[in-house]
Amino acid sequence: QVQLVESGGGLVQAGGSLRLSCAASGTIFSNSAMGWYRQAPGKQRELVATITRAGSINYADSVKGRFTISRDNAQNTVYLQMNSLKPEDTAVYYCNVYRRDYIEYNYWGQGTQVTVSS
């Protein structure tokens, strides 16, 4: 029903920047939200940032001031600008689209690897 295509991951040095993008296709409801999660080896998948269609944003404390989430509603695309990257940001980053009022509407991308070297 929904396909998410992610891009922008890669290998960078600490202090560098990356910009992730995720394009969604399929049934995208007008009130759907999108977000980014990440999972490091041996760790639980954790919230990075979410953004509603109207632009309400929530960040994990660990990325506040460094990461910026945005979306292009016309393109059904969500972005994550990551600045001042740290080695602890290394993880697989997953794109997500969901509806807060309908738990069964929840889709994930395949993930993109972000590796930050020190």
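Keep in mind it's a predicted model, so treat the numbers as computed, not measured.

Regarding unusual backbone geometry
Item 1. For asparagine 76, which is not glycine, the phi dihedral falls at a positive 50°.
Item 2. With phi around 50°, serine 84 is a residue other than glycine that occupies positive phi space.
Item 3. One can find serine 84 in the loop between β8 (77-82) and β9 (91-99).
Item 4. Residue classification places serine 84 among the partly exposed residues on the basis of a relative accessible area of 41%.

A closer look at the state of the cysteines
Item 1. In this structure the tally under the stated criterion is one disulfide.
Item 2. Note that cysteine 22 is cross-linked by a disulfide to cysteine 95, the S-S spacing being 2.0 Å. Handedness of the cysteine 22-cysteine 95 disulfide follows from its S-S torsion of about -85°: it is left-handed. With cysteine 22 in strand β3 (residues 18-26) and cysteine 95 in strand β9, the pair connects residues that are 73 residues apart, well separated along the chain. For the pair cysteine 22 and cysteine 95, one class covers both residues: buried.

Brief notes about the packing of aromatic side chains
Item 1. For the structure shown, the criterion picks out two aromatic pairs.
Item 2. Relative to tryptophan 108, the ring of tyrosine 37 has its centre 5.0 Å away and its plane inclined at 70°; by these criteria the two rings are edge-to-face. Taken as a pair, tyrosine 37 in strand β4 (residues 33-39) and tryptophan 108 in strand β10 (residues 102-108) lie far apart in primary sequence, 71 residues in all.
Item 3. Residue classification places tryptophan 108 among the partly exposed positions, given a relative accessible area of 35%.
Item 4. Ring geometry for tyrosine 105 against tyrosine 107: centres 5.2 Å apart, planes inclined by 80°, an arrangement best described as edge-to-face.

The rules behind each value
- Residues numbered from 1 in each chain as written.
- Predicted model: local features only at pLDDT ≥ 70, side-chain atom pairs only at ≥ 80, totals over all residues.
- Heavy atoms only, no water.
- Helix = DSSP H or I, 4+ residues; strand = E, 2+ residues; numbered from the N terminus.
- Buried < 20%, exposed > 50% of the residue type's maximum accessible area, 1.4 Å probe, protein only.
- Disulfide = S-S within 2.5 Å.
- Phe/Tyr/Trp six-rings, centres within 6.5 Å; stacked < 30°, edge-to-face > 60°.

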